[in-house]
Amino acid sequence: LIKLITKEGQIVLDPFLGSGTTAIACIKLNRLWIGIEKEPEYIEIAQARINHFSKQKRLEVGDDK
């Protein structure tokens, strides 16, 4: 859905971030994102998932060189 309705570089708003799946999809698709979540346990989960994915992405880019 993100790929269909946005272009690279655009901002996607997720008012219910949950575990961060939309944010990860945005990173994969070169979109910016804003996530809103009120539950502390989901914020921690989302942060961990997004950080883990971001580290993997950086390693993949580094491996290509």
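Preceding this paragraph is the structure being described.
Here's what I pulled together on the structure shown here. Everything numeric in this text was worked out from a predicted model, so none of it was measured.

So, how was this worked out
Residues numbered from 1 in each chain as written. Predicted model: local features only at pLDDT ≥ 70, side-chain atom pairs only at ≥ 80, totals over all residues. Heavy atoms only, no water. Helix = DSSP H or I, 4+ residues; strand = E, 2+ residues; numbered from the N terminus. Contact = heavy atoms within 4.5 Å. Buried < 20%, exposed > 50% of the residue type's maximum accessible area, 1.4 Å probe, protein only. Pairing = 2+ DSSP bridges. Right-handed = clockwise from strand over helix to strand, strands pointing away. Arc of directions from axis to C-beta. Patch = residues over 30% accessible without salt bridge, like charges linked within 9 Å, V, L, I, M, F, W, Y side chains within 5 Å. Areas by Shrake-Rupley, 256 points an atom, 1.4 Å probe, with all protein chains shown as cover. Salt bridge = Lys/Arg side-chain N within 4 Å of Asp/Glu carboxyl O. Core = buried A, V, L, I, M, F, W, Y, C linked by side-chain atoms within 4.5 Å.

1. Some words on the overall build of the chain
Within the chain, the secondary structure is distributed over three helices and two strands. Of the regular secondary structure in the chain, the N- to C-terminal order runs α-β-α-β-α. Within the chain, contacts between residues separated by at least 24 positions form 38% of all contacts whose residues are at least 6 apart in sequence.

2. Structural notes on the pairing of strand S1 (residues 11-14)
Alternating positions in S1 separate cleanly, Val-12 and Asp-14 being buried on one face and Ile-11 and Leu-13 remaining unburied on the opposite face. Bridge count between S1 and strand S2 (residues 32-35): four bridges; the pairing is parallel. Bridging across to S2, Asp-14 finds its partner in Gly-35. A crossover connection joins S1 to the parallel S2 through helix H2 (residues 21-28); in handedness this β-α-β unit is right-handed.

3. Details of unusual backbone geometry
In the Ramachandran plot, Asn-30 falls in the positive-phi region, its phi being about 60 degrees despite a non-glycine side chain. By relative accessible area, which is 42% here, Asn-30 ends up partly exposed.

4. Some points on H2
Within the span of H2, buried status applies to Ala-23, Ile-24, Cys-26 and Ile-27. Viewed along the axis of H2, the buried residues span an arc of 160 degrees, placing them on a single side of the element.

5. With respect to a nonpolar patch on the surface
A surface patch of nonpolar side chains, about 490 Å² in accessible area, is lined by Ile-11, Leu-13, Leu-32, Ile-34 and Ile-36. Within the secondary structure layout, Leu-13 lies in strand S1.

6. Let's talk about the nonpolar core
Judged by nonpolar contacts, Leu-17, Ala-23, Ile-24, Ile-27, Ala-46, Ile-50 and Phe-53 together constitute the single largest core of seven residues. The set of elements that each furnish at least two residues to this core consists of H2 and helix H3 (40-63). Not counting chain neighbours up to four residues away, the residues in contact with Ala-46 comprise Leu-17, Gly-18, Ser-19 and Gly-20.

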